[in-house]
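Breakdown of the fold
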Amino acid sequence: MNWKRLFSKKPERAQLTPELRARIRSSFDEASRDEEHFPSTIDPRIYHVKLIRQHLGDLRGKRVLDVGCGKGRFARIFQEQEPAAEIWGLDISEEMLRFVPAGIRTRAGSMTELPFDDAFFDAAYATESIEHAVEIEKAVGEICRVVKSGGRIAIIDKNAEQWGKLQTPEWEKWFTRRELERLLRRHCREVSSRPISYWEDVKPDGLFLAWLAVK
């Protein structure tokens, strides 16, 4: 047996089959009824909100996409803080989108096939949503595709080094800093990452990472 060939074989990439996509959509349709674990609102003082706003900059007159928006808890805050911005929310679950506040434009769809033209948005962000994309490389590429040159992208998600800390569905994937940096650098001229906490004055415990990019 050729042991070298056996152990050097690359693992197969996860695929978002129609069946898996339907299961993920059904899971979030059901979760939309769970306000305790999938709330419609979030405390506007948390550092996740502040970091995204700082990175995206002045949103007045800008078109911004919330990728995997769920019930629109982040979009709700940004709309309140910057009413002159055009905020969009994209989610696989139409049931989740029913909770998104009026004034925020919504579209049902997959992160791996965003239903928008190239360079349609001035900025985009994704908070704990890329982990559900399955085809991660394709999802990151799609986010970058729909953002204009010079536009800003923020991703907040969980750290692969903390895998197992929380219960997760079988399709969920967490990331190392280098992994998403590498994918973003294929499309963006500036990329950075760092550990973050929910609160600015609390030392990060390693669970959350933030990736900030400029296309």
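Notes on the structure in this doc start here. (Residues numbered from 1 in each chain as written. Predicted model: local features only at pLDDT ≥ 70, side-chain atom pairs only at ≥ 80, totals over all residues. Heavy atoms only, no water.)

1. Observations regarding the pairing of strand S5 (residues 147-158)
The condition is simple: The pairing criterion is simple: DSSP has to find at least two bridges between the two strands. Secondary structure elements follow DSSP: runs of H or I no shorter than four residues count as helices, runs of E no shorter than two count as strands, and numbering proceeds from the N terminus. A right-handed crossover is one whose linking path, passing over the helix from the first strand to the second, runs clockwise when the strands point away from the viewer.
Bridging between strand S4 (residues 121-127) and S5 involves 6 bridges; their strand directions are parallel. In the strand pairing of S5, Tyr125 is matched with Ala154. You can see the chain leave S4, run along helix H6 (residues 136-146) and come back into S5, and the turn it takes is right-handed. Pairing of S5 with strand S7 (residues 208-214) involves 7 bridges; the strand directions are antiparallel. Across the sheet, Lys158 pairs through a bridge with Phe208, a residue of S7.

2. So, the packing of helix H3 (residues 47-56) against helix H4 (residues 73-81)
Our working definition: Between N-to-C directions, angles cover 0 to 180 degrees, with each direction set by a line fitted to C-alpha atoms, over the stretch in contact for helices. Reported orientations rely on four angle classes, namely roughly parallel under 35 degrees, roughly antiparallel over 145, roughly perpendicular from 65 to 115, and oblique for the rest. By the definition used in this description, the sense in which the near helix is turned from the far one sets the handedness, with an anticlockwise turn below a right angle giving left-handed and a clockwise turn giving right-handed. Throughout, a contact is declared for two residues whenever any of their heavy atoms are within 4.5 Å. Note that Gly is not counted as nonpolar here; it falls among the polar residues with everything else outside the nonpolar set of Ala, Val, Leu, Ile, Met, Phe, Trp, Tyr, Cys and Pro and the charged set of Asp, Glu, Lys and Arg.
Relative to each other, H3 and H4 sit at 55°, their axes nearing to 11 Å. Taken together, the axes of H3 and H4 are oblique relative to one another. Viewed along their axes, H3 and H4 form a crossing whose handedness is right-handed. Taking contact as the criterion, the partners of His48, Val49, Ile52 and Arg53 in H3 are, on H4, Phe74, Ile77, Phe78 and Gln81. Classifying every residue of the contact of H3 with H4 by side-chain character gives 5 nonpolar, 2 polar and 1 charged.

3. Considering helix H7 (residues 177-185)
Test applied: Type-normalised accessible area, obtained with a 1.4 Å probe on protein chains alone, sets the label of each residue: buried when under 20%, exposed when over 50%, and partly exposed for intermediate values.
Residues Glu179, Leu180, Glu181, Leu183 and Leu184 constitute the buried set of H7. Buried residues in H7 make contact with H6, S5, strand S6 (190-196) and S7.

4. Things to note about unusual backbone geometry
Unlike most non-glycine residues, Ala119 shows phi in positive territory, near 55°. Here the phi dihedral of Val134 falls at roughly 70°; this positive angle occurs in a residue that is not glycine. By the secondary structure assignment, Val134 is in the loop between S4 and H6. Note on Val134: relative accessible area 10%, which makes it buried.

5. Quick word on the nonpolar core
Inside soluble globular proteins, nonpolar side chains tend to come together where they are buried. Rules: Nonpolar cores are built from buried Ala, Val, Leu, Ile, Met, Phe, Trp, Tyr and Cys residues. Side-chain atoms within 4.5 Å join them into one set.
With 30 residues, the main nonpolar core has Leu65 and Leu184 as its most contacted residues. Mapped by element, the contributors of at least two residues to this core are strand S1 (63-67), strand S2 (86-91), S4, H6, S5, H7 and S7. The element that contributes the greatest number of residues to this core is H6, accounting for 6 residues. Other than its neighbours up to four places away in sequence, Leu65 contacts Trp88, Leu90, Leu114, Phe116, Phe121, Ala123, Ala124, Tyr125 and Val146.

6. Some points on the environment of Gly164
Topologically, Gly164 is positioned in the loop between S5 and H7. On the basis of relative accessibility, which here comes to 58%, the residue Gly164 falls in the exposed class. With 10 residues separating them along the chain, Gly164 and Trp174 place their C-alpha atoms 10.0 Å apart.

7. Some details on the packing of aromatic side chains
Basically, it comes down to this: Aromatic rings from Phe, Tyr and Trp, taking only the six-membered ring of Trp, are treated as a pair when their centres fall within 6.5 Å; an angle between ring planes under 30 degrees marks them as stacked, one over 60 as edge-to-face, and anything in between as tilted.
Summed over the entire model, instances satisfying the criterion amount to 12 aromatic pairs. Geometrically, the ring pair formed by Phe74 and Phe78 is tilted, given 6.5 Å between the ring centres and 55° between the ring planes. Residue Phe74 and its partner Phe78 are located together in helix H4, separated by 4 residues, close to a single helical turn. Classification of Phe74 as buried rests on a relative accessible area of 3%. The class of Phe78 is buried, set by a relative accessible area of 1%.

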